[in-house]
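Descriptive structure summary
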Amino acid sequence: MTATLVARGVAGGYGHRTLFDSLDLTVAPGDVVGVVGANGAGKSTLLRLLGGIDEPQAGTISLSPADAFVGWLPQEHERVEGETVAEYIARRTGCTQATRDMDAAAAALADPGLASNGADPADMYSIALDRWLASGAADLDERLPAVLADLGLHLGGTPADRATMTGLSGGQAARVGLAALLLSRFDIVLLDEPTNDLDLDGLERLESFVRGIRGGVVLVSHDREFLARCVTRVLELDLAQHSNRVYGGGYDAYLEERATLRRHAREKYDEFAEKKADLVARARTQREWSSQGVRNAMKKSPDNDKIRRKANTESSEKQAQKVRQMESRIARLEEVEEPRKEWQLEFTIGTAPRSSTVVSTLSSAVFEQGSFTLGPVSLQVNAGERIGITGHNGAGKSTLLRALLGRQAPDAGAASLGVNVEIGEIDQARSLLVGSQPLVAAFGELVPDMESGEVRTLLAKFGLKADHVGRPVDELSPGERTRAALALLQARGVNVLVLDEPTNHLDLPAIEQLEQALDSYRGTLLLVTHDRRMLDAVDLDRHWRVDAGRVTEL
């Protein structure tokens with residue numbers, strides 16, 4: 001069915017903290033609304049409110065019709081121990097809950113005593129049946145194999161009702177998440193970072209789905225190219241200004257309009273500040289003149305000239321009147337609040353002494369990983385080279401990185417790592433910072449030469465302040481762990497930088513700052529990314545494509 005979601009005067013946050021308020025948004029069929037803002041601005045919070053998961057602090061959220069099917073797909077894949085791929089997809093598409101509701105309604109129909117709140121069991125069953133059919137649960141099992149096969153997810157020959165989600169790689173899990181989206185039949189879709197871990201083929205399929213959906217879509221994404229290709233409007237949550245605004249015309253139009261508005265706001269404030277400063281300076285001068293005139297008038301003229309003394313007094317009174325007029329003009333000025341500068345991540349990548357001229361060499365090397373084989377491959381990475389690596393999920397990119405870094409021995413051929421190689425890495429799993437230790441302690445163990453105070457100061461520079469550093473690492477959001485990993489790159493000197501999908505979970509300002517940091521970095525770079533705009537923005541010397549265990553240079 002066609003459905004419309006309307007939010008009026010909505011405020012959202014957690015605890016006693018309000019992240020946004022007075023938010024108005026209408027999502028009609030065919031709308032694709034992209035929600036952008038810095039990490040912590042409340043983007044995921046908003047999706048939870050729109051999906052009915054949480055209640056707003058203020059305002060209302062309504063659906064028309066009221067029984068419209070809203071699907072909320074969070075950014076984390078929520079891999080539950082023992083849950084199969086089929087069970088995961090049924091849960092993500094809403095089919096599991098719809099089936100439970102129908103079973104409960106059928107039980108109430110057989111035994112009216114089970115009906116809740118005295119509801120009519122027949123009405124309950126009719127509503128639950130309609131919901132079950134609308135969710136696509138009736139034929140999900142028939143549709144599932146074809147979609148998985150089309151996405152290239154063969155799961156090692158294990159059927160979807162037996163393969164577990166915890167046994168999948170990050171790329172495979174992302175594909176299963178995409179399959180759940182393609183199999184869903186929501187009237188309104190709420191997507192939180194749907195592009196994370198998807199390869200270029202997956203991104204194209206996701207874009208095609210979003211552009212072709214008949215219902216409304218609200219999505220949070222930091223993939224700039226995806227936003228540019230899909231969204232029809234942009235909702236910006238501005239944490240610095242504590243404001244929100246809807247921009248029409250797509251993502252690139254939003255960037256232009258936002259830049260114009262910010263420039264005008266700054267110009268308006270500068271004009272106000274300059275005018276006020278001028279009036280204050282003139283009032284100060286006239287006040288000084290008035291005071292001087294009073295002092296002169298109070299002095300006794302040598303010739304006891306009463307006329308001159310009277311003239312001096314009248315002159316000082318006129319000056320005082322001008323001061324009062326000037327102060328009145330200042331008070332009548334329409335106050336313009338200074339635009340607050342957003343917190344911005346600013347960092348550099350720490351450098352180590354230069355490595356050997358040849359960083360890594362593979363000679364007819366073959367690497368076996370279960371049933372997968374990479375190679376034979378012959379490659380050489382030289383000091384200072386900047387290499388971009390792309391390819392489908394499961395093509396062998398992660399295996400190639402392990403091979404180049406000397407972390408996996410070849411099963412045939414030869415591999416060697418140069419000398420004085422200092423590696424800095426952000427892997428997909430952000431595995432350097434994991435566990436139950438507080439962030440400040442886990443980070444400190446990786447940089448033993450830094451004092452605790454220095455660690456806290458550095459983390460604060462990356463937006464990780466007092467309420468972050470004392471929390472267990474595993475309780476931090478993916479974006480917070482990514483920023484901690486970036487802080488580690490600044491703290492430790494490196495001459496070989498390895499970035500595996502570094503933009504996952506980073507907000508747009510942080511991604512742009514990372515690109516600037518890479519511009520000034522002069523060591524060796526191995527960059528694995530599916531972020532198309534990053535591939536265009538970062539200066540690369542070489543581009544390798546990995547496909548089915550083979551590496552080709554483009």
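Our subject is the structure that appears above.
Anyway, here's the lowdown on the structure attached to this text. Source: prediction; values computed, not measured.

Summing up its helical and strand segments, the chain has 17 helices and 18 strands in all. Dimensions of the chain along its principal axes, counting C-alpha atoms only, are 115 × 80 × 40 Å. Counting all 554 residues of the chain, 46% fall into the buried class. Within the chain, residue pairs in contact and separated by at least 24 positions form 72% of the contacts whose partners lie at least 6 positions apart. When the accessible surface of the chain is totalled, it reaches about 26700 Å², and 49% of it is carbon and sulfur. Measuring between centres, the 63 positive side-chain charges of the chain sit 11 Å from its 80 negative side-chain charges.

To continue, consider the environment of R471. Mapped onto the fold, R471 is located in the loop between α14 (466–469) and α15 (478–491). Sequence-wise, R471 and A441 are 30 residues apart; in three dimensions their C-alpha atoms are separated by 9.9 Å.

What follows is about the packing of aromatic side chains. We describe a pair of aromatic rings using the distance from one ring centre to the other and the angle between the two ring planes. Taken as a whole, this structure holds four aromatic pairs when the rule is applied. Relative to Y254, the ring of Y251 lies with its centre 5.7 Å away and its plane at 40°, an arrangement referred to as tilted. Placement of the pair is Y251 and Y254 together in helix α9 (residues 251–298), with a separation of three residues, close to one helical turn. Summarising the burial analysis for this pair, Y251 and Y254 share the class buried. Their ring planes at 50° and their centres at 6.3 Å tell us that Y269 and F272 sit as a pair that is tilted. One end of the pair is Y269 and the other is F272, both in helix α9 and three residues apart, which spans about a single turn. F272 carries the same exposure label as Y269, and that label is buried. It is R245 that lies over the ring of Y247; its NZ or CZ is 5.4 Å from the centre.

Here we come to the nonpolar core. Counting residues in each nonpolar core, the largest one holds 55 residues, and the members touching the most others are V85, I89, L148, V210 and L219. Those residues in contact with L219 that lie beyond four places of it in its chain are V32, V33, G34, V35, L191, V210, F226, L227 and V231. Counting residues in each nonpolar core, the second largest holds 37 residues, with V455, V469, L497 and L518 among its members.

Cut-offs applied
- Residues numbered from 1 in each chain as written.
- Predicted model: local features only at pLDDT ≥ 70, side-chain atom pairs only at ≥ 80, totals over all residues.
- Heavy atoms only, no water.
- Helix = DSSP H or I, 4+ residues; strand = E, 2+ residues; numbered from the N terminus.
- Buried < 20%, exposed > 50% of the residue type's maximum accessible area, 1.4 Å probe, protein only.
- Contact = heavy atoms within 4.5 Å.
- Areas by Shrake-Rupley, 256 points an atom, 1.4 Å probe, with all protein chains shown as cover.
- Lys, Arg positive; Asp, Glu negative; His and termini not counted.
- Charge placed at Lys NZ, Arg CZ, Asp CG, Glu CD.
- Phe/Tyr/Trp six-rings, centres within 6.5 Å; stacked < 30°, edge-to-face > 60°.
- Lys NZ or Arg CZ within 6 Å of the ring centre and 35° of its normal.
- Core = buried A, V, L, I, M, F, W, Y, C linked by side-chain atoms within 4.5 Å.

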